[in-house]
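Spelled out, the chains give:
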Amino acid sequence: MEEEASILVIDDERGIREGCRRALTPLDYSLDVADTAVAGLRKLREGSFDLVLLDLMMPGMSGMEALDRIHEIDGDTVVIIITGYATVEAAVNTIKRGAYDFISKPFTADDLILVVNQGLEHRRLTLETKRLGAIEEEAKELARAKTELEKLDAMKSRFMLTVAHELRAPIAAIQGYLGLILDGYAVDDEQEMIESAHNRCGELLAMIQDLLLLAHIKEKATEVKKKTVSVAEALEEVAGLLRMEAERKGLTLEVQISNRPEMLADEEHLKQVWTNLISNAIKYTPGGGSVVASVGQKDGQIVGGVSDTGIGVAADDMPRIFEEFYRTAQAKEMAERGTGLGLPIVKEIVETYGGTLDVDSEIGKGTTFTFTLPPSLEPGGDTANGGRVVGDTDGD
Ligand SMILES: Nc1ncnc2c1ncn2[C@@H]1O[C@H](COP(=O)(O)OP(=O)(O)OP(=O)(O)O)[C@@H](O)[C@H]1O
Ligand SMILES: [Mg+2]
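Residues numbered from 1 in each chain as written. Chains lettered and ligands numbered in written order. Predicted model: local features only at pLDDT ≥ 70, side-chain atom pairs only at ≥ 80, totals over all residues. Heavy atoms only, no water.

Focus: the site of ligand 1
Around ligand 1 there are 22 residues in total, and Asn280, Tyr284, Asp308, Arg327 and Thr339 lie nearest to it. Contacts to ligand 1 include leucine 341, whose backbone N or O atom sits 3.2 Å from an oxygen atom. Relative to its free-state accessible area of 600 Å², ligand 1 is covered by the protein chains to the extent of 94%. Counting atoms within 2 Å of the grid points, the majority share of ligand 1 lands in the largest pocket. (Near = heavy atom within 4 Å. Polar contact = N/O pair within 3.5 Å; in protein donor to acceptor, adjacent residues only side chain to side chain. Areas by Shrake-Rupley, 256 points an atom, 1.4 Å probe, with all protein chains shown as cover. 1 Å grid on protein atoms, 1.4 Å probe; cavity = no way out; pocket = protein on both sides within 12 Å on 5 of 7 lines; lining within 4 Å. Sits in = over half its atoms within 2 Å of the grid points.)

Looking at the domain arrangement of the protein chain
In terms of domain boundaries, the protein chain breaks down into domain 1 (6–107) and domain 2 (224–386). A straight line from the C-alpha centre of domain 1 to that of domain 2 covers 71 Å. (Domains from an automatic or database assignment.)

Details of the pattern of salt bridges
In this structure the tally under the stated criterion is 23 salt bridges. Linking aspartate 68 and arginine 97 is a salt bridge whose minimum nitrogen-to-oxygen distance equals 2.5 Å. With aspartate 68 in helix α3 (residues 63–73) and arginine 97 in the loop between α4 (88–96) and β5 (101–104), this pair connects stretches of sequence that are 29 residues apart. With its nearest N and O atoms 3.2 Å apart, the salt bridge here joins glutamate 203 to arginine 200. (Salt bridge = Lys/Arg side-chain N within 4 Å of Asp/Glu carboxyl O. Helix = DSSP H or I, 4+ residues; strand = E, 2+ residues; numbered from the N terminus.)

Considerations on a nonpolar patch on the surface
On the surface, a cluster of nonpolar side chains totalling about 320 Å² of accessible area is made up of Leu149, Leu152 and Met155. Following the sequence through the fold, leucine 152 ends up in helix α5 (residues 109–182). (Patch = residues over 30% accessible without salt bridge, like charges linked within 9 Å, V, L, I, M, F, W, Y side chains within 5 Å.)

A few points about the sheet that holds β5
Across a sheet, strands are paired by hydrogen bonds formed along the backbone, either parallel or antiparallel in direction. Strand order in the open sheet formed by 5 strands is β2-β1-β3-β4-β5, with parallel pairing between adjacent strands. The open sheet has two free edges, formed respectively by β2 (30–34) and β5, since each of these has just one partner strand. The sheet shows a mean angle of 20° between the axes of neighbouring strands, direction not considered. The strands that helix α2 (residues 37–46) touches are β1 (6–10), β2 and β3 (51–55); relative to β1, the one it contacts most, it runs at about 160°. Packed on one face of the sheet, α3 meets β3 and β4 (78–83) and runs near 165° to β3. (Pairing = 2+ DSSP bridges. Axes fitted to C-alpha atoms, helices over the stretch in contact; angles between N-to-C directions. Contact = heavy atoms within 4.5 Å.)

Some remarks on the packing of helix α8 (residues 267–283) against helix α10 (residues 342–352)
With their axes 9 Å apart at the nearest point, α8 and α10 run at an angle of 145° to one another. Crossing angle aside, the handedness with which α8 passes α10 is left-handed. Counting all contacts with α8, which are made through His269, Gln272, Val273, Asn276, Leu277 and Asn280, the residues of α10 involved are Gly342, Leu343, Ile345, Val346, Ile349 and Val350. Across the contact of α8 with α10, the residue classes tally to 7 nonpolar, 5 polar and no charged. (Left-handed = near helix turned anticlockwise from the far one by under 90°. Nonpolar A, V, L, I, M, F, W, Y, C, P; charged D, E, K, R; others polar.)

Comments concerning the sheet that holds strand β11 (residues 356–362)
As summarised here, the arrangement of the 5 strands in space is β7-β9-β10-β12-β11, forming an open sheet in which the pairing is mixed. Of all the strands in the sheet, just β7 (252–257) and β11 have a single pairing partner and so form its edges. In this sheet, adjacent strand axes meet at a mean angle of 10° when their direction is disregarded. Packing against the sheet, helix α7 (residues 231–248) makes contact with β7, β9 (290–298) and β10 (301–308), and its axis sits at approximately 170° to β7.

Observations concerning the environment of leucine 53
For leucine 53, the location among the structural elements is in strand β3. Residue class for leucine 53 comes out buried when judged on its relative accessible area of 0%. Expressed as a C-alpha distance, the spacing of leucine 53 and serine 307, which sit 254 residues apart in the sequence, is 76 Å. When near neighbours in sequence (up to four residues on either side) are disregarded, leucine 53 contacts Ile7, Leu8, Val9, Ile10, Cys20, Leu24, Ile80, Ile82, Leu112 and Val116. (Buried < 20%, exposed > 50% of the residue type's maximum accessible area, 1.4 Å probe, protein only.)

This is the structure:
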């Protein structure tokens, strides 16, 4: 059941107002009248009307101006101009300005009912078209969201499969060693086998720790553990720990700090970023090479970088090295062991804090990883309101 249409008559001539009332009331329209444009506009602002019958020639405000005002209040209001013979040309102009139609004085009740019904039908169709458009837009949006969810779901399944696959290898190896020992086949090299099993257990644990870290970065970053921490200090600490390893491989490890920006973060996260990038550089650079880690600031952002003169990454592999478990053929050749979770952890941390991670590399020449992070707004402050609310990034 449709609602009854509401109509407003704006005319300074009492006879016209009353005539309209007599003609339209029997048709179950709710009707209101106003004797000036100003009074009519007030009524339009206060209530809602489907259709306005507007006299073109009234003292005070021109019909043209009143028409514009009506459409400012509601662009979908249907306006029918009431005009005398002398003003037909002006009435035609109002149609160009958005009036639906005009009716010339004097008119009969039938003339009026005809034009009013046409106007109301026009309004109904306009609104219906709009509604359908909105529904269509909503349907498209839902379809997009569905595709997105399906993609996420597929990614999740693939991730689970990869994890299971990666966990199986070391466990199968350990079971193999233990089986040989149990069956008495390892009399001479029992010690060696126990060591191998022990090493594979270590790898397994490291992988599980990385997976747990990866899963919890987002929630950890929003915990109260955040403090104002120095990105340079985290680098110095990590470089201190990794220097021996670099030297053992015959590499130089240089640290360049041009300033000491601070940010709100979990200190462990910053150390993870440096540890993963620097240990990759050490791992994938042959003896005699060099590794340089740097901190600075650019365009209001903290910028960190790790460059090496190592094996590099082929262009095809570039986008994939940030995927969980992905390792390039060259990397596998150079270092047999590795889970391929280091870079995904770095990426997740950097993005969780609202930063970016980029890589530039030439195969056989070397690689540079660069990341940006937002500095805390109040250097030296240690409250959460001083800086960016970490973890409160897009998508949360
Ligand atoms: N500095 C680098 N030089 C050349 N290749 C790199 C470098 N850093 C990363 N890569 C490539 O990206 C891959 C993924 O790196 P990631 O740190 O995630 O894994 P990984 O070092 O192989 O193993 P993990 O860090 O888990 O022990 C590496 O296997 C290697 O192919
Ligand atoms: Mg690594």
